[in-house]
Amino acid sequence: EFRIEDFKREMLDGIREKVGDKQVVCGVSGGVDSTVLAVLLKEAGVNVRAIFVDHGLMRLDEGDEVRNNFHRMGVEIETVDCADLFLGKLAGVADPEEKRKIIGGLFIDVFWDTVGNAELLAQGTLYPDVIESASNAKSKASKIKTHHNRVDRILELQAQGKVLEPLAELFKDEVRELGTSLGIPADILNRHPFPGPGLAVRCPGDITEKKLRIIRECDHIFITRLKDHGWYDKVWQAYAGLIPVKTVGVKGDERSYEWAISLRAVISEDAMTADWVELPPALLRETSNRILNEVDGINRVLYDISTKPPASIEWE
Ligand code: XMP
């Protein structure tokens, strides 16, 4: 049995021992893992600066929500606005692994540039993240994807003993339990997971402002519908992802030729496997109607009925 209080004490001791009086930089995204990590580091009383990198791949109004949540917890964070940097480097890049590597590399650059005297990088890596990125020495094909916490630069830092990953043995439900015992409000702990590379992994092909705008608007409609219908807390994760394939439709009296959006809602224990959720038809209908009426550039809404495996939760 997982004894959270003992575990927390051990963890805090372990952190203090490893950090000593070194300067730690900790990236926060607003997600459960990095939030628990930041609060844990604060509780440990070590010298830490928490950095929120706004990479331009966040959801609608996400930056404000994240800042507000940390404010509620009394944890100081610094926002670094670098949408231009990220979107600039990503322009024209369509390959999923290449996108992930660019984003992961830029994250570290920004952390290191912002906290010039940083000696340790703290990351909210969980156990499933470690497994999914573990590359089998014999075969590159066995590597599923490069988690943003696992890019080459970080592996280098890791070899130098400069990476702190106190959550690396935990599953998501254990992190939530730890968060509760640290006094983090339930609505923050029950936020759906959101990947570090953000909307990039829900935007197949190259990333453009137009695509991001469409994904943000559709996602916002879907998530607010889920909340209004009491389904948000019943699903592990839900989102809208773009299918940048044009199909023919009719809008008003005119032919339209536009992209499709895919809605995905899954339940999962630990993100290693997942099943799609049988959402009520009325909720799906309302979401679809609103998207088709309100979002410019979309004429088709699809619901993703793929289990993981063989699909993954995200698109890339
Ligand atoms: P997949 O798509 O691999 O996603 O089935 C499993 C879970 O992990 C999240 N995810 C990530 N989280 N950085 C993160 O912090 C990443 O690079 C990343 N990739 C996927 C995903 O949202 C899902 O909850």
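Remember, it's a predicted structure, so these values are computed and weren't measured experimentally.

### With respect to the overall build of the protein
Secondary structure assignment for the protein yields 11 helices and nine strands. Whereas a compact globule of 316 residues would reach a radius of gyration of roughly 20 Å, the protein reaches 20 Å, a difference of no more than 12%. Taking the principal axes of its C-alpha atoms as reference, the protein extends roughly 70 × 40 × 40 Å. Across the 316 residues in the protein, those meeting the buried criterion constitute 34%. When contacts within the protein are restricted to residue pairs at least 6 apart in sequence, those whose partners lie at least 24 apart make up 74%.

### Focus on the packing of helix α1 (residues 4-19) against helix α8 (residues 172-181)
Packing of α1 against α8 brings their axes to within 10 Å, and their N-to-C directions diverge by 80 degrees. In terms of their interaxial angle, α1 and α8 are classed as roughly perpendicular. On α8, the residues that touch I4, E5 and K8 of α1 are E177, L178 and S181. Partitioned by chemical class, the residues of the contact of α1 with α8 number two nonpolar, one polar and three charged.

### Topic: the nonpolar core
Generally speaking, a soluble globular protein has its nonpolar side chains buried in company with each other. V24, C26, V36, L41 and C218 are the most contacted members of the largest nonpolar core, which has 72 residues in total. If you tally residues by element for this core, the top one is helix α10 (residues 209-228), at eight residues. In terms of domain composition, this core takes at least three residues from each of domain 1 (4-189) and domain 2 (208-303). Discounting chain neighbours no more than four positions away, the residues touching L41 are I15, V24, C26, V46, V48 and A122.

### As for the UniProt feature "binding site: ATP" (unreviewed entry) in the protein
Here, the residues flagged by UniProt with the feature "binding site: ATP" (unreviewed entry) are S29, G30, G31, V32, D33, S34 and T35. Among the secondary structure elements, G30 is positioned in the loop between β1 (24-28) and α2 (32-44). G30 sits in the buried class, given 21 other C-beta atoms within 10 Å. Residues within four places of G30 in sequence aside, it is in contact with T35, E62, E65, V66 and N69. Its location among the elements puts G31 in the loop between β1 and α2. Discounting residues that sit within four places of it in the chain, G31 has contacts with R191, P193 and F194.

### Details of α1
The end-to-end C-alpha distance of α1 is 22 Å, a good match for the 22 Å that 16 residues give at a rise of 1.5 Å each. Directly beyond the C-terminal end of α1, a positive phi value near 55 degrees is found at G20.

### Things to note about the pairing of strand β3 (residues 77-81)
Here five bridges tie strand β2 (residues 48-54) to β3, and the two strands are oriented parallel to one another. Counterpart to A50 in the pairing with β3 is I77. Handedness of the crossover is the feature at issue here: the chain leaves β2, passes through helix α3 (residues 62-73), returns alongside β3, and the resulting connection is right-handed.

### Section: the sheet that holds strand β5 (residues 163-164)
Overall, parallel pairing links the five strands, which are arranged β3-β2-β1-β4-β5 in an open sheet. Only two strands of the sheet have a single partner each, and these edge strands are β3 and β5. Sheet contacts for α2: β1, β2 and β4 (120-122); angle to β1, the most-contacted strand, approximately 150 degrees.

### Some points on the domain arrangement of the protein
Where the parts come together, the accessible area they lose is often given as the size of the interface. We note that the domain assignment places domain 1 (4-189) and domain 2 (208-303) within the protein. Between the C-alpha centres of domain 1 and domain 2 the distance comes to 28 Å. Taken together, the contact between domain 1 and domain 2 spans five residues of the former and six residues of the latter. For the side of domain 1 that touches domain 2, a count of residues per class yields three nonpolar, no polar and two charged.

### Describing unusual backbone geometry
The omega torsion across K308 and P309 is -15 degrees, close enough to zero to call that bond cis. The topology assignment puts P309 in the segment after β9 (298-303). Following P309, the chain continues to P310 via a peptide bond in cis, the omega torsion being 10 degrees. Summarising the element assignment, P310 is placed in the segment after β9. Positive phi values are uncommon outside glycine, yet D61 reaches one of about 60 degrees. With respect to the secondary-structure elements, D61 resides in the loop between β2 and α3. Note on D61: 11 C-beta atoms within 10 Å, which makes it exposed. Unusually for a residue other than glycine, A271 sits at a positive phi of about 75 degrees. Note that A271 resides in the loop between β7 (254-267) and β8 (275-276). According to the C-beta neighbour criterion, A271 is partly exposed, with 19 such atoms within 10 Å.

### A word on the confidence of the model for the protein
Mean pLDDT over the protein works out to 95, with 97% of the residues at or above the 70 mark. Reported confidences for the modelled complex are a pTM of 0.94 and an ipTM of 0.98.

Scoring rules and cut-offs
- Residues numbered from 1 in each chain as written.
- Predicted model: local features only at pLDDT ≥ 70, side-chain atom pairs only at ≥ 80, totals over all residues.
- Helix = DSSP H or I, 4+ residues; strand = E, 2+ residues; numbered from the N terminus.
- Rg over C-alpha atoms; globule rule 2.2 N^0.38 Å.
- Buried ≥ 20, exposed ≤ 12 C-beta atoms within 10 Å, placed from the backbone.
- Contact = placed C-beta atoms within 7 Å.
- Axes fitted to C-alpha atoms, helices over the stretch in contact; angles between N-to-C directions.
- Parallel < 35°, antiparallel > 145°, perpendicular 65-115°, else oblique.
- Nonpolar A, V, L, I, M, F, W, Y, C, P; charged D, E, K, R; others polar.
- Core = buried A, V, L, I, M, F, W, Y, C linked by C-beta atoms within 7 Å.
- Domains from an automatic or database assignment.
- UniProt positions renumbered as here; feature names shortened; annotations may be inferred.
- Expected span 1.5 Å × (residues − 1).
- Pairing = 2+ DSSP bridges.
- Right-handed = clockwise from strand over helix to strand, strands pointing away.
- pLDDT = per-residue confidence, 0-100.

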